[in-house]
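So you can see what is in the structure, the chains are spelled out below.
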Amino acid sequence: MKKTILYMLAASTLVLASCDDMLEKQPRSQFVNNPAFWSNENSVLTYSNTMYENYSGYGYGGNGGWFYFKSLSDDQANPDFDNWTFTSVPNTSSYWNSGFTEIRRCNYMIVGLASSSMPAATRNNFMAIARLNRAWQYYQLVREYGDVQWENYAVLDPADPTVQGERTDRDVVIDSVVADLDYAIANLTAQRGANSWSKDMALAMKSDVCLYEGTYCKYRTEAENGKAPDLNRAANYLRQCVDASEQLMTSGRYKLSANYGDVYNSLDLSQNSEVIFWRNYAKDVQGHSTVDYTTGSTAQRGITKDAVDAFLFRDGKPLATTTLDTDDKATLNANGNYVVTKMLANRDKRLGVIIDSVVCFKDHGWARTPGLAEMTSSTGYTVHKYDNLEMGADNPTLYRNGIGTGYTDAPIYWLAVIYLNDAEAKAELGTITQSDLDATINKLQARAGLPDMTLNPAADPANNQGVSNLLWEIRRVRRCELMTDNWYRYWDLVRWHQLDKLDSGKYPNINLGANLSNVANVSVKVDNGYAVATNATRTWDSRNYFFPVPQTQITLNSKTTQNPGWK
C-alpha cells in the first residue's frame with residue numbers, strides 16, 4: 001500500500017513546465033505560485049515527490065536505468081557498441097537541459113518556501129528536500145560538464161545575469177553542493193527511511209560526492225581537466241567523506257545483508273538492513289525493464305573478460321599469482337549447454353551472483369526461466385544479479401519478458417558503498433589502519449568468500465593505474481562489488497583519471513568475453529579462443545573527460561565557453 005500511495009502522489013503532482021534550454025524565452029511555470037500554495041503541506045509534499053523520479057534506479061517502463069544499462073565501461077560490452085556518450089558537439093542535450101530543469105524546480109520550491117506560513121520545522125524540512133535535490137542535480141552536471149552556471153534562486157528572466165553570465169568554476173559549484181547537503185543533514189526531520197528523504201540519505205550522498213571530489217582533485221591534470229591537482233582541497237573532501245561515512249557506519253542502523261545479491265533482486269527492500277535509500281517498484285503500478293533485458297531474447301550487454309579477470313581467486317590472489325586452477329574454458333554439460341561452473345567455483349563468490357554459469361551466445365541460447373525466450377550475450381557471459389525467479393511466477397511471460405513490467409526494487413544508496421567510500425578515502429589520505437580495513441573491506445571480503453585484505457597486499461602484475469598495491473586492491477574490491485551498478489564504474493575511472501582504460505585498441509580485453517575454445521564450429525568471432533563482442537573500436541581522447549556544452553547554449557550566450565577539445 002505504501003508503494004502505491006507514493007506513486008499515486010508522484011503521478012498526480014503538479015508538473016513544472018520548463019524551457020528546453022537555459023535561454024528559451026518561454027514561461028517557466030504553469031501553476032499558481034503563491035504563498036498559499038507553499039503554505040499547504042500536502043501541496044508541497046506532492047510537488048517534492050516528483051523528485052523521486054530523478055533517482056533512476058532500474059529505470060521506468062521501457063527506459064533503462066543506471067544499473068546494467070550504463071554499459072560504457074570496461075565491465076560490459078554492448079552488442080550494439082558503446083562509443084563515447086558524445087562524439088561531436090550536439091545542438092541540445094538532455095543531460096544539460098534536464099539538469100537545469102530540475103534545478104529550477106528545486107529553486108522554485110526554495111524561493112516559494114520563504115513565504116510559507118508552515119511551522120518552521122516543517123518549512124525547513126521541505127527546504128532541506130529542495131536543497132538535497134538541487135545538490136544531486138548539480139553533482140551530475142559538474143561530473144558531466146565541469147564548470148556550469150550556479151543558480152541559487154528561481155530564474156524568471158532569460159536576460160538574468162546568472163543565465164547570461166559565465167559558467168561558474170566547478171570547484172565553487174561543488175562547495176555549494178556540499179553546503180546544500182550539510183543543510184539537508186541538519187534540517188531533514190527523518191533520520192532514516194529507505195524510501196523517503198532522510199538525514200541518512202543525505203549523509204550517503206555526501207559520502208559519494210566528497211569521495212568523488214577528493215579523488216578528482218587529487219588526480220586531475222591541467223592539460224586534460226583544465227585545473228591542476230589541489231592536494232589540500234582533495235584532503236579536505238576526503239576527510240568529509242570519512243566523517244559522513246562513519247556517521248552511517250557507527251549509527252547501528254545498518255548492517256550488511258547475508259548474501260551479496262540480496263540488495264539487487266528483492267521484491268521489497270523495505271526490510272533490508274543494508275539499504276539506506278531505494279527506488280521502489282510495485283506490481284502493476286510502476287515497473288521497469290531491467291529484468292526483461294537480462295532474461296529476454298535481446299542480446300545482453302555481456303560482462304567482459306577484463307571484468308572477469310579482475311575477480312580474485314578463493315586463495316585471495318589475482319589471476320597472475322594464484323596457485324588455483326585458472327582454466328576458464330567453457331565446457332559442455334549434460335544438458336548440451338556450455339558452462340563455466342569450474343571457473344566460478346575457484347573465484348570470488350560475487351562473480352557467481354553477477355553472471356550465470358551457463359554461457360550464452362549465437363546458436364547456443366539458454367533460458368534462465370524454462371519456457372521463456374532464450375538468452376544470448378555479446379560476450380557469452382550473461383548478467384544474472386538483478387533477476388529474481390519469484391518475480392512474475394504467476395505470469396512469467398508478462399512480468400519477466402514484458403517491457404516495463406518488472407517490479408524488483410532498486411537500491412540507490414546502501415551500506416556496502418559506504419564501506420567502500422570510507423576505506424578508499426582513508427587509503428588516499430594515508431591514514432588507513434588494519435582496523436579500518438576490518439571494519440569495511442574485510443566485511444565485504446568475508447561475504448565474498450575471500451581472505452582478509454592486509455595493509456601490505458602482494459603486488460599484482462595487472463596493476464596498470466600507477467597506484468600503490470593497497471589502493472589497487474581497494475579499487476578492485478570496489479569494481480567487483482559494484483559491477484554494473486548505478487553508473488559507478490564510468491565515473492570511478494573519471495575521478496581516478498583512468499578513462500583511457502576504455503580505449504579498446506589499447507585494452508582489447510574490454511571487448512572480449514568467454515573462452516569458447518572448446519566449442520565446436522563456434523558461430524561467433526573469437527580472438528585466441530575468446531568471444532569478440534563487437535567489431536567496432538573505441539579510441540580514447542582527453543576531451544572525453546567532459547561532455548561538450550550544447551551548441552545552443554554557446555550561440556545564445558557568448559560568455560558560455562566550450563569544453564577543452566570540443567571546439
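Every chain is numbered independently, its residues counted from 1 as its sequence is written. Local features in this predicted model are restricted to residues whose pLDDT is 70 or higher, and side-chain atom pairs enter the listing and the counts only when it is 80 or higher, whereas totals over whole chains, interfaces and linings include all residues. The side-chain figures draw on all heavy atoms in the structure; neither hydrogens nor water molecules are used.

Take the overall build of the protein chain next. What counts as a helix is a DSSP run of H or I of at least four residues, what counts as a strand is a run of E of at least two, and both are numbered from the N terminus. Looking only at helices and strands, one finds 21 helices and 10 strands in the protein chain. A radius of gyration in this sense is built from C-alpha atoms; the matching globule rule multiplies 2.2 Å by the number of residues raised to 0.38. A compact globule built from 567 residues should have a C-alpha radius of gyration of about 24 Å, and the protein chain, at 24 Å, falls within 12% of that. Principal-axis analysis of the C-alpha atoms gives the protein chain an extent of 70 × 55 × 50 Å. Burial classes follow relative accessibility: with a 1.4 Å probe on protein chains only, a residue under 20% of its type's maximum area counts as buried, one over 50% as exposed, and anything between as partly exposed. A burial count over the protein chain gives 61% of its 567 residues as buried. Note on contacts: a residue pair is in contact if any heavy atoms of the two residues lie within 4.5 Å. Expressed as a percentage of contacts within the protein chain between residues at least 6 apart in sequence, the contacts between residues at least 24 apart total 70%. Counting only carbon and sulfur atoms, one obtains 49% of the accessible surface of the protein chain, whose full area is about 21,100 Å². Residues scored as charged are limited to Lys and Arg (positive) and Asp and Glu (negative), so that His and the chain ends carry no count. Note on charges: their place is set at NZ of Lys, CZ of Arg, CG of Asp or CD of Glu. When the 54 positive and 63 negative side-chain charges of the protein chain are each reduced to one mean point, those points stand 1 Å apart. Using a 1.4 Å probe, the Shrake-Rupley method yields the accessible areas, and only the shown protein chains count as cover for residues.

To estimate how far a helix should extend, the number of its residues minus one is multiplied by 1.5 Å. The end-to-end C-alpha distance of helix 7 (residues 170–187) is 26 Å, a good match for the 26 Å that 18 residues give at a rise of 1.5 Å each. Regarding helix 7, the residues found buried are Arg170, Asp171, Val173, Ile174, Ser176, Val177, Val178, Asp180, Leu181, Ala184 and Ile185. At the N-terminal end of helix 7, a side-chain oxygen is found 2.7 Å from the backbone nitrogen of aspartate 171, two or three residues along, and the residue is aspartate 169. Counted as a polar contact is a pair of N or O atoms within 3.5 Å, where, for protein atoms, one must be capable of donating a hydrogen and the other of accepting one, and residues adjacent in sequence contribute only when both atoms are in side chains.

This part takes up the sheet that holds strand 5 (residues 338–339). Read from one edge to the other, the open sheet built from three strands follows the order 4-5-6, with strand pairing classed as antiparallel. The sheet is open, and its two edges are formed by strand 4 (331–332) and strand 6 (358–359), each paired on a single side. Pairing between strands is defined by DSSP: at least two bridges between the two strands are required. Pairing between strand 4 and strand 5: two bridges, direction antiparallel. Bridge pairing in strand 5 places leucine 332 opposite tyrosine 338.

Turning next to empty space enclosed by the protein. Residues are said to line a cavity or pocket when one of their atoms sits within 4 Å of a point; the points come from a 1 Å grid over protein atoms alone, cavities being sets where a 1.4 Å probe fits but cannot get out and pockets being open sets with protein on both sides within 12 Å along at least five of seven lines. Grid points are joined across faces, edges and corners, and a volume is the space filled by probe spheres set on the points. Applying the stated criterion across every chain yields a total of six cavities of 30 Å³ or more. Of the voids in this model, the largest cavity is the one considered here, and its volume is about 170 Å³. As for the largest cavity, its lining consists of 16 residues, of which Tyr139, Arg143, Asp208, Asn486 and Tyr488 are closest to the centre. Those elements that provide at least two residues to the lining of the largest cavity are helix 5 (120–145), helix 8 (199–219), strand 7 (410–414) and helix 20 (488–495). For the lining of the largest cavity, the leading source of residues is helix 20, giving four residues.

On to the packing of aromatic side chains. Only centres within 6.5 Å qualify two rings of Phe, Tyr or Trp (six-membered ring in Trp) as a pair; their planes then separate them into stacked at under 30 degrees, edge-to-face at over 60, and tilted for everything else. Across all of its chains, the model carries 40 aromatic pairs by this definition. On the numbers, 6.0 Å between centres and 70° between planes, the contact of phenylalanine 86 with tyrosine 95 is edge-to-face. With relative accessibility at 14%, the residue phenylalanine 86 sits in the buried group. Remark: a charge is flagged as sitting over a ring if the NZ atom of Lys or the CZ atom of Arg is within 6 Å of the ring centre and within 35 degrees of the ring normal. Against the face of tyrosine 219 rests arginine 475, its NZ or CZ located 5.3 Å from the ring centre. Note that arginine 478 overlies the ring of tyrosine 488, its terminal NZ or CZ placed 5.2 Å from the centroid.

This brings us to the pattern of salt bridges. Every case where a carboxyl oxygen of Asp or Glu lies within 4 Å of a side-chain nitrogen of Lys or Arg is listed as a salt bridge. Considering all chains together, one arrives at 43 salt bridges under this definition. A salt bridge links lysine 329 to aspartate 327; the nearest nitrogen and oxygen atoms lie 3.6 Å apart. For aspartate 327, a relative accessible area of 27% corresponds to the partly exposed category. The salt bridge partner of aspartate 422 is lysine 426, with a shortest N-O separation of 3.7 Å. Of this pair, aspartate 422 and lysine 426 are both found in helix 16 (residues 415–429), four residues apart, which corresponds to roughly one turn of the helix. Judged by relative accessible area, which is 9%, lysine 426 ranks as buried.

With that out of the way, let us pick up the environment of leucine 444. Within the secondary structure, leucine 444 sits in helix 18 (residues 441–447). Residues leucine 444 and asparagine 236 lie 208 residues apart in sequence; the distance between their C-alpha atoms is 27 Å. Once residues within four sequence positions are removed from consideration, leucine 444 is found in contact with Leu256, Arg350, Ala416, Tyr419, Leu420, Val477 and Glu481.

What follows deals with the pairing of strand 2 (residues 275–279). The side chains of a regular strand alternate, first on one face of the sheet and then on the other. Of all five residues in strand 2, five are buried, a share of seventy percent or more. Note: strand 2 against strand 7, four bridges, orientation antiparallel. Paired with phenylalanine 277 across the strands is tyrosine 413, a residue of strand 7.

Quantified by volume, the second largest pocket comes out at close to 420 Å³. Lining the second largest pocket are 21 residues; nearest its centre among them are Asp306, Ala462, Asn464, Trp472 and Arg479. Within the residue set of the lining of the second largest pocket, elements represented by two or more residues are helix 12 (305–310) and helix 19 (469–481). Element by element, the count of residues in the lining of the second largest pocket is highest for helix 19, at four residues. Residues of the lining of the second largest pocket, tallied by class, amount to nine nonpolar, three polar and nine charged. Three classes are used, and their members are as follows: Ala, Val, Leu, Ile, Met, Phe, Trp, Tyr, Cys and Pro are nonpolar, Asp, Glu, Lys and Arg are charged, and the others, Gly among them, are polar.

A few words now on the sheet that holds strand 8 (residues 512–515). With respect to topology, three strands assemble into an open sheet ordered 8-10-9, the strand pairing being antiparallel. Edge positions in the sheet fall to strand 8 and strand 9 (526–527), since each has one partner strand and no second. Pairing geometry for strand 9 and strand 10 (residues 530–532), over two bridges, is antiparallel. Looking at the pairing, valine 526 lines up with alanine 531 of strand 10.

All right, on to the side chain of aspartate 75 then. Here aspartate 75 shows up in the loop between helix 3 (41–49) and strand 1 (76–77). Aspartate 75 gets classed as buried once you look at its relative accessible area, which sits at 1%. In terms of polar contacts, aspartate 75 uses its side chain to reach the side chain of arginine 479, at 2.7 Å. Discounting residues that sit within four places of it in the chain, aspartate 75 has contacts with Gly302, Ile303, Thr304, Ala307, Arg479, Met483 and Arg489.

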